[in-house]
Amino acid sequence: QQQVKQSPQSLIVQKGGISIINCAYENTAFDYFPWYQQFPGKGPALLIAIRPDVSEKKEGRFTISFNKSAKQFSLHIMDSQPGDSATYFCAASIGKSGAQKLVFGQGTRLTINP
Amino acid sequence: NAGVMQNPRHLVRRRGQEARLRCSPMKGHSHVYWYRQLPEEGLKFMVYLQKENIIDESGMPKERFSAEFPKEGPSILRIQQVVRGDSAAYFCASSPQPGGTYEQYFGPGTRLTVT
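Residues numbered from 1 in each chain as written. Chains lettered and ligands numbered in written order. Predicted model: local features only at pLDDT ≥ 70, side-chain atom pairs only at ≥ 80, totals over all residues. Heavy atoms only, no water.

### Focus on the overall build of chain A
- If you tally the helices and strands in chain A, you get 0 helices and 11 strands.
- Secondary structure elements in chain A, listed N-terminal to C-terminal, are β-β-β-β-β-β-β-β-β-β-β.
- The C-alpha radius of gyration of chain A comes to 14 Å, within 12% of the 13 Å expected for a compact globule of 114 residues.
- For chain A, the spread of C-alpha atoms along the principal axes amounts to about 45 × 30 × 20 Å. (Helix = DSSP H or I, 4+ residues; strand = E, 2+ residues; numbered from the N terminus. Rg over C-alpha atoms; globule rule 2.2 N^0.38 Å.)

### Some details on the pattern of salt bridges
- According to the stated counting rule, one finds 7 salt bridges over all chains in the structure shown.
- For Asp56(B), the salt bridge goes to Lys101(A), with nearest N and O atoms at 3.7 Å. Pair noted here: Asp56(B) is in strand β6 (residues 53–56) and Lys101(A) is in the loop between β9 (86–93) and β10 (102–104), and the two residues belong to different chains.
- The exposure class assigned to Asp56(B) is buried, which follows from its relative accessible area of 15%. (Salt bridge = Lys/Arg side-chain N within 4 Å of Asp/Glu carboxyl O. Buried < 20%, exposed > 50% of the residue type's maximum accessible area, 1.4 Å probe, protein only.)

### What to know about the packing of aromatic side chains
- As enumerated under the stated definition, the model contains 16 aromatic pairs over all chains in all.
- Taken together, a centroid distance of 6.2 Å and an interplanar angle of 55° make the contact between Tyr25(A) and Phe73(A) tilted. Here Tyr25(A) is found in strand β3 (residues 19–25), whereas its partner Phe73(A) is found in strand β8 (residues 72–77), with 48 residues between them in sequence.
- A centroid spacing of 5.2 Å and a plane angle of 85° characterise the contact between Tyr36(A) and Phe106(B), whose relative ring orientation is edge-to-face. (Phe/Tyr/Trp six-rings, centres within 6.5 Å; stacked < 30°, edge-to-face > 60°.)

### What about the pairing of strand β11 (residues 110–114) of chain B?
Residue and element names in this part refer to chain B.
- A one-sided burial pattern is seen for β11, the buried positions being Thr110, Leu112 and Val114 and the unburied ones Arg111 and Thr113.
- Inspection of the sheet shows strand β2 (residues 10–13) paired to β11 by 4 bridges, in the parallel sense. Paired with Leu11 across the two strands is Leu112, which belongs to β11.
- With 3 bridges joining them, strand β9 (residues 88–95) and β11 adopt antiparallel strand pairing. Considered in β11, the bridge of Ala89 is made with Arg111. (Pairing = 2+ DSSP bridges.)

### Structural notes on a nonpolar patch on the surface
Residue and element names in this part refer to chain A.
- On the surface, Ile18, Ile20 and Met78 cluster together into a nonpolar patch covering about 240 Å² of accessible area.
- Its place among the elements puts Ile20 in strand β3.
- Assessed through its relative accessible area of 37%, Ile20 is described here as partly exposed. (Patch = residues over 30% accessible without salt bridge, like charges linked within 9 Å, V, L, I, M, F, W, Y side chains within 5 Å. Areas by Shrake-Rupley, 256 points an atom, 1.4 Å probe, with all protein chains shown as cover.)

### A few points about unusual backbone geometry
- Here Ser7(A) and Pro8(A) are connected by a cis peptide whose omega angle stands at -5°.
- Here Pro8(A) lies in the loop between β1 (4–7) and β2 (10–14).
- The residue Asp79(A) is not glycine, and still its phi comes out positive at about 45°.
- The topology assignment puts Asp79(A) in the loop between β8 and β9.
- Unusually for a residue other than glycine, Glu52(B) sits at a positive phi of about 65°.
- Along the chain, Glu52(B) turns up in the loop between β5 (43–50) and β6.

### What about the nonpolar core?
- Val4(A), Phe33(A), Trp35(A), Phe73(A), Leu75(A) and Tyr88(A) are the most contacted members of the largest nonpolar core, which totals 25 residues.
- Listed by contribution, the elements that provide at least two residues to this core are β2, β3, β4 (33–38), β5 (45–50), β7 (62–67), β8, β9 and β11 (108–113) of chain A.
- Examining the composition of this core, we find that 4 residues originate from one element, β9(A), more than from any other.
- With 23 residues, the next largest nonpolar core counts Val4(B), Leu21(B), Cys23(B) and Met46(B) among its residues. (Core = buried A, V, L, I, M, F, W, Y, C linked by side-chain atoms within 4.5 Å.)

### A few points about the interface of chain B and chain A
- Contacts between the two partners involve 26 residues from chain B, matched on the other side by 22 residues from chain A.
- Summing the contributions of chain B and of chain A, the shared interface buries around 1800 Å²; its carbon and sulfur component is 54%.
- At the junction of chain B and chain A, the tally comes to 1 salt bridge.
- Sorting the residues of the side of chain B that touches chain A by element identifies β4 (31–37), β5, β6 and β9 of chain B as the ones contributing at least two each. (Contact = heavy atoms within 4.5 Å. Buried area = accessible area lost by both parts, 1.4 Å probe.)

### Observations concerning the sheet that holds strand β8 (residues 75–79) of chain B
Residue and element names in this part refer to chain B.
- The 4 strands are arranged β1-β3-β8-β7 in an open sheet whose pairing can be described as antiparallel. The sheet is open, and its two edges are formed by β1 (5–7) and β7 (65–68), each paired on a single side. Neighbour to neighbour, the strand axes of the sheet diverge by 15° on average, direction disregarded. (Axes fitted to C-alpha atoms, helices over the stretch in contact; angles between N-to-C directions.)

Shown next, in the form of structure tokens:
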């Protein structure tokens, strides 16, 4: 119930293409869904986040699509660039209780070929 | 605007020694979270602390691990009698408060190697 399942495990996209990473969850109490980007040897950096009251959020080339009924959400990276090559993690948390521990997906290693 | 600071960045300990990992949250943040990342895996929640209080330690191993966030000074994650399986990257995150904006900002991590 506390799991967040992420796919694919790795992804190779050509420069200029669209990168799509998917996540699914079971616990309907989750109410906050962030995506983090992590470069080797660095800490995760918050990329974009969404609450379940909206179906889509866009920030620059990054878009989260959220499907509450299917309990799925995805990250789309438009016009993917070599600098986007990193590991991406989806996460979910329950904020109402006040303790916002994040439950992370397993990660997707994205490689953008020039 | 300094981000979340962690030290040391790399720590090598022999089996049986103690490891102390430090985390200073972002300015204005009073909530600290510790996560562990094993090689090629996602991050796993360990503990959530406010100043002088442990709020949620449901992810902490029952033995050898402890955490504190004193009134003054950084948060400390302490691992006693380390074993090889403790080798991992330990990340600290901070947030301004729960229930409002939920963003957690992560530090660069401490990479612990147990030999």
